[in-house]
Amino acid sequence: MSTIKPWYKQFWPWVLIILPMCAVVASVTTLFIAIDNKPDMVVEDYYKKGKAINVDLTRLENAFRLALKFRLSVDGNKIKLTQTFGEKQSAALKLNFIHRTQQAKDFDLLLTANSAGHYEFVLDEALSGKWTIHLESFDAKWRIQTVDKFPSEYDTLLDSFANR
């Protein structure tokens, strides 16, 4: 007469235990990944952000009144900004690069003009991808904004007339 093996020495109970355990491990792993990588696109205080839009519109209108146009050249990791039209700006300018989906890639530059009137900066690494670009005065009186993709063989035109 054959003896029956105990349950823990048989094949099918372990198959039935391992399948749900794999699902539990995968769920816990997914939970930790979700906690560590929160989405950047969610805004906590959307009401204040909405009120800030009115301030941005005023700054865009001020740039239009000054008839400002700038040319942004990006060659690898070198940025060169040149004013091409409008009331001459001699003070420092703030140039913001905002990545479309990854807030951690956003960066701001404070540019001052050289003797030729050009604003230049060298980045740590070359730009790539689609960016929203904000150019504004140091005192935040006006702003020009556009969207462009890098690398590009063409210069980016920051035009206050295009924001109307």
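Just above, that's the structure.
Cut-offs used in this document
- Residues numbered from 1 in each chain as written.
- Predicted model: local features only at pLDDT ≥ 70, side-chain atom pairs only at ≥ 80, totals over all residues.
- Heavy atoms only, no water.
- Helix = DSSP H or I, 4+ residues; strand = E, 2+ residues; numbered from the N terminus.
- Buried < 20%, exposed > 50% of the residue type's maximum accessible area, 1.4 Å probe, protein only.
- Areas by Shrake-Rupley, 256 points an atom, 1.4 Å probe, with all protein chains shown as cover.
- Lys, Arg positive; Asp, Glu negative; His and termini not counted.
- Salt bridge = Lys/Arg side-chain N within 4 Å of Asp/Glu carboxyl O.
- Polar contact = N/O pair within 3.5 Å; in protein donor to acceptor, adjacent residues only side chain to side chain.
- Contact = heavy atoms within 4.5 Å.
- Pairing = 2+ DSSP bridges.
- Phe/Tyr/Trp six-rings, centres within 6.5 Å; stacked < 30°, edge-to-face > 60°.
- Lys NZ or Arg CZ within 6 Å of the ring centre and 35° of its normal.

Participant: Hey, could you run me through the overall build of the protein in this one?
Facilitator: Scanning the protein for helices and strands turns up two helices and eight strands. Ordered by position from the N terminus, the helices and strands of the protein form the series α-α-β-β-β-β-β-β-β-β. Classification of the 164 residues of the protein by burial places 25% in the buried group. Put simply, the protein shows about 11,900 Å² of open surface, and 59% of that area lies on carbon and sulfur atoms.

Participant: Could you clarify how one ought to interpret the side chain of Asp148 in this entry?
Facilitator: Structurally, Asp148 is set in strand S7 (residues 143–150). Despite its burial, Asp148 pairs with no opposite charge; the closest candidate is Lys130, at 8.5 Å N-O. A distance of 2.3 Å separates polar atoms of two side chains, one belonging to Asp148 and the other to Thr156. In this structure, Asp148 is in contact with Gly129, Lys130, Trp131, Ile133 and Thr156, ignoring residues within four places of it in sequence.

Participant: Help me understand the pairing of strand S2 (residues 78–85) in this model?
Facilitator: Regular strands show a simple pattern: their side chains alternate between the two faces of the sheet. Here seven bridges tie strand S1 (residues 69–75) to S2, and the two strands are oriented antiparallel to one another. Across the sheet, Leu72 pairs through a bridge with Leu81, a residue of S2. Sheet topology note: the S2/strand S5 (residues 119–122) ladder contains four bridges and is antiparallel. The residue of S5 that forms the bridge with Leu81 is Tyr119.

Participant: It is not clear to me how the packing of aromatic side chains should be interpreted in this structure. Could you clarify?
Facilitator: The way to describe two aromatic rings as a pair is by their centre distance and the angle between their planes. Enumeration over the complete set of coordinates arrives at nine aromatic pairs. Between Phe70 and Trp142 the ring centres are 6.0 Å apart and the planes differ by 15 degrees, which places this aromatic pair in the stacked class. With Phe70 in strand S1 and Trp142 in the loop between strand S6 (129–137) and S7, this residue pair connects regions lying 72 residues apart in the sequence. Across this residue pair, the class does not change: Phe70 and Trp142 are buried. Ring centres of Phe97 and Phe150 lie 6.4 Å apart, and the angle between their planes is 65 degrees; on these two criteria the pair is classed as edge-to-face. Highlighted residues: Phe97 in strand S3 (residues 93–99) and Phe150 in strand S7, separated in sequence by 53 residues. Look at Phe97 and you get buried, because its relative accessible area is 0%. Across from the ring centre of Phe85, 5.7 Å away, lies the NZ or CZ of Lys69, which sits over that ring.

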